[in-house]
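In case you want the letters, here they are:
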Amino acid sequence: MKKFFNSSLESENDGAYLRQQREGDEESKPESSSASVSASEPRSDAKIYIAIAFVVTLVFGSGILIGHYVIGNSDSSNNLEFQYDSTCTEPLVNSMDDRDAIISCLYDVNLKEDVVVPWSSDYYETSQVFSRFYQNYPLAIIYVRTEEEVAATMRCASTYNVRVSARSGGHGNSGNAVSTGAITIDLSNMTAVATNVSTDEVTNVTSAIAMVQAGNTAGTATYFILKQTNFTYTVPVGQKPTVGMGGLTLGGGFGFTTRHAGFLCDRVISIRAVTTNGDIIIANETHHSELLWASCGGGGGNFAVVTEFTYSMFPLLPEITEFHYHIDTTNVSSAAIAMRDYQIFSYHLDSRATCNMEVASQSSANMTGIFLGTVEEFEDVLANLTTELGEDLFPLEGWDLKSTTYIEAVLDLSGWETVTLESLRENFDSERNYYQFKSFLLQEPLPDIAMDMLLAAVNLTVPNVGLVYEFQSLGGNGSAFSAVGDEDTAVSQRKTRHCLMLKSWGPNLRVGENLFGEMSNLSFALDEHIVGSGAYVNHLDYELWNYERAYYGLSDENHWNRTILRLRAINELYDPKGLLDGLQLF
């Protein structure tokens, strides 16, 4: 049950930078570009931000939380002074002297020009996250370039008991990549990518790995991995190229290859991370294995600041199939039947295909996806599925099948018309709007009444404004996602068939808030009729009262308790002072 509460960054194209950085070779650091904050672009003071500085200082002293959608006050039952829950360590920042001491500490970590403070001219701009719903007021933003700078920043925060948030892409559904009163560690300068493909001469087994620093987006990581492997290997990222690899991986990470290749976090072999006491560690199967486990689906901002991921890549065929199937939903009863049939069809489909369904208006719905094989092979899959189910749910003549390459399909299915191969490295600021997500992890097909509610809701959608929903296919016939054990990673919802995502967006705050309210009402109504569902941790949701169970729970009560207790223990081990600003902490 839910309860209502009112880069365009150039990457080093080989492993030299990654290796040399660890050896302290300062000359090997990548140059920052115009899209990132550069030491060659000094920040000038602006009088208007001096006022903000005083406001932020008042926030620290009075305990008022500004930003993050809700404004609290000192009379609230929750202590909101520089924190989001009453269990947070009491901050020491209660005066201008404390504030100045922290900022001085950060200046010692990095070039002064790479630390943004409330009186910097670009403070407002750099405090943005991708969703315009949020405008928060951090104590400072530091643009780090090395793990050592991350570690030194952590030590500053620990000395003064200041909350810390890490920003990879800033797409988080809660907006907490930048938090009021906290230090934001921006990783956008840490964008090295290195790949290695080798075959053992004795066993003839091929190993294909990619080392990706956490400042990369899904777009930049995909771009450099494909370029370096001559378009023969990749990792399973999501649909939008601007999503940061840090948050995407730590919370799971699904997309159009999930049923074949699993969640992005399922491909993680090891991580490099910085703990809140400033230790730089490598977590793999033999060292800090519990941190590795928690970082594969446990959610971002809960355990450590991850600076680099090592993934196992999967091979690509030179020819694949992009498919589309248009459904006329003008007739509501026919639309409900199509939605029911989709949930059966996509679950039993060959695991080389991940078939999603989006309903964006009352007149149409679309099934789209990728099949990692030829058009002829996909046609055979459809014929075999018709025989298996005893019914031709979606006749062959209704399919639009396109023989293409993987990268062309990725670009075509991004949802943004201007996406090209080279533009995968851009920030797409023009696509920012007032958006929010809610999610249900479905272990059973939706009941009829829930489908009727969904179909009734899409009448709010008009161009550039809308409330839509999408089914992301996860489980089923041979799915790599389902093949992972319930306790092998922190993603314990492995019995999930589909992730139902509710999406609202608008061009301005007023419209966005109204649509978000409609989406919330729909979510609460659906919750009364959807049994045994969870929520996707990458769609962090303030309105979940039992969020731990929603994100990590199963119908098995004992398993849920084990998972939560394990995550809490790992959180306490690596973040004993509660400095990481995960908002919904364990």
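The notes below deal with the structure included here. (Residues numbered from 1 in each chain as written. Predicted model: local features only at pLDDT ≥ 70, side-chain atom pairs only at ≥ 80, totals over all residues. Heavy atoms only, no water.)

Inspection of the secondary structure puts glycine 369 in strand E14 (residues 364-371). For glycine 369, a relative accessible area of 0% corresponds to the buried category. In the structure, glycine 369 is positioned 44 residues away from leucine 413 in sequence and 8.0 Å away in space, judged by C-alpha atoms. Not counting chain neighbours up to four residues away, the residues in contact with glycine 369 comprise Phe256, Thr321, Glu322, Phe323, Thr354 and Leu413. (Helix = DSSP H or I, 4+ residues; strand = E, 2+ residues; numbered from the N terminus. Buried < 20%, exposed > 50% of the residue type's maximum accessible area, 1.4 Å probe, protein only. Contact = heavy atoms within 4.5 Å.)

A word on helix H13 (residues 448-457). A turn of α-helix holds 3.6 residues, and therefore any two residues three or four places apart point the same way. Those residues of H13 lying buried are Ala450, Met451, Leu454, Leu455 and Ala457. Along the axis of H13, the buried positions cluster into a sector of 160°, meaning they face one direction only. On its buried face, H13 sits against helix H10 (332-348), strand E17 (466-473), strand E18 (498-506) and helix H15 (509-527). (Arc of directions from axis to C-beta.)

Let us look at the sheet that holds strand E13 (residues 353-359). Spatially, E15-E12-E14-E13-E17-E18-E16 is the arrangement adopted by the 7 strands of the open sheet, whose pairing is antiparallel. Whereas interior strands pair on both sides, the edge strands pair on one side only; in this sheet they are strand E15 (399-404) and strand E16 (434-442). Across the sheet, the axes of successive neighbouring strands diverge by a mean angle of 20°, strand direction being ignored. Both E13 and E17 contribute to a ladder of 3 bridges, which runs antiparallel. The residue of E17 that forms the bridge with methionine 357 is phenylalanine 471. Across the face of the sheet, H10 comes into contact with strand E12 (320-328), E13, E14, E15, E16, E17 and E18 while running at roughly 165° to E13. The sheet contacts of helix H11 (residues 375-389) involve E12, E13, E14 and E15, and relative to E15 the element is tilted by about 145°. (Pairing = 2+ DSSP bridges. Axes fitted to C-alpha atoms, helices over the stretch in contact; angles between N-to-C directions.)

Looking now at the pattern of salt bridges. Pairing between side chains of opposite charge can happen when their charged atoms approach one another. A full pass over the atoms with the stated rule returns 16 salt bridges. Residue aspartate 541 pairs with lysine 438 through a salt bridge whose shortest N-O separation is 2.9 Å. Taken as a pair, aspartate 541 in the loop between H15 and helix H16 (547-552) and lysine 438 in strand E16 lie far apart in primary sequence, 103 residues in all. Between glutamate 470 and lysine 503 there is a salt bridge, with its nearest N and O atoms 3.0 Å apart. Of this pair, glutamate 470 sits in strand E17 while lysine 503 is found in strand E18, placing the two residues 33 residues apart along the sequence. Note on accessibility: glutamate 470 and lysine 503 belong to one class, buried. (Salt bridge = Lys/Arg side-chain N within 4 Å of Asp/Glu carboxyl O.)

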